[in-house]
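# Coordinate analysis (summary)
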Amino acid sequence: MTEEQGTTDGGSGDGLGERERALLAVERRSWPGPGAKERAVREGLGLSPTRYYQLLNALLDDPRALAHDPVTVNRLRRVRAEKQRRR
């Protein structure tokens, strides 16, 4: 799905669109080395890494994302909070 395409609920029942579920799926994976994740984001999602992280950051505040994947969302929220504390 490209950045310009809208999000649709793919029938998952959680209210998240296909793109939002794909963002969380990328974060659930482990990545073998530097650049692999960014390459997957560009090729698989059609997003620049900057746009990907903007969308992901907004998604972390969405209660539907927490309901869909609480382990991943809570982990990413902790990482984000720690980075904010360091600033």
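Here the structure is a predicted model, which means the values were calculated and not measured.

A tally of regular secondary structure across the protein chain gives 5 helices and 0 strands. Listed N to C, the secondary structure of the protein chain is α-α-α-α-α in terms of helices and strands. The buried share of the protein chain, reckoned over its 87 residues, is 32%. When contacts within the protein chain are restricted to residue pairs at least 6 apart in sequence, those whose partners lie at least 24 apart make up 43%. Of the roughly 5,500 Å² of accessible surface on the protein chain, 49% is carried by carbon and sulfur atoms.

So, about the pattern of salt bridges. In the structure shown here, the tally under the stated rule is 6 salt bridges. Between Asp61 and Arg80 there is a salt bridge, with its nearest N and O atoms 2.8 Å apart. You can see Asp61 sitting in the loop between helix H3 (49-59) and helix H4 (63-68) and its partner Arg80 sitting in helix H5 (residues 70-86), a full 19 residues away along the chain. Here Arg64 ties to Asp62 by a salt bridge, and the two come within 2.6 Å at their closest N and O atoms. Since its relative accessible area comes to 38%, Arg64 is described here as partly exposed. Members of the salt-bridge network, linked through shared partners, are Glu82, Arg85 and Arg86.

Attention now goes to the packing of helix H1 (residues 18-28) against helix H2 (residues 36-45). It is at 11 Å that the axes of H1 and H2 come closest, and there the two elements cross at 155°. Comparing the axis directions of H1 and H2 gives the class roughly antiparallel. H2 is crossed by H1, and the crossing has right-handed handedness. Here Ala22, Leu23, Val26 and Glu27 of H1 lie close against H2, whose contacting residues are Lys37, Val41 and Leu45. Of the residues assigned to the contact of H1 with H2, the class counts are 5 nonpolar, no polar and 2 charged.

The rules behind these values
- Residues numbered from 1 in each chain as written.
- Predicted model: local features only at pLDDT ≥ 70, side-chain atom pairs only at ≥ 80, totals over all residues.
- Heavy atoms only, no water.
- Helix = DSSP H or I, 4+ residues; strand = E, 2+ residues; numbered from the N terminus.
- Buried < 20%, exposed > 50% of the residue type's maximum accessible area, 1.4 Å probe, protein only.
- Contact = heavy atoms within 4.5 Å.
- Areas by Shrake-Rupley, 256 points an atom, 1.4 Å probe, with all protein chains shown as cover.
- Salt bridge = Lys/Arg side-chain N within 4 Å of Asp/Glu carboxyl O.
- Axes fitted to C-alpha atoms, helices over the stretch in contact; angles between N-to-C directions.
- Parallel < 35°, antiparallel > 145°, perpendicular 65-115°, else oblique.
- Left-handed = near helix turned anticlockwise from the far one by under 90°.
- Nonpolar A, V, L, I, M, F, W, Y, C, P; charged D, E, K, R; others polar.

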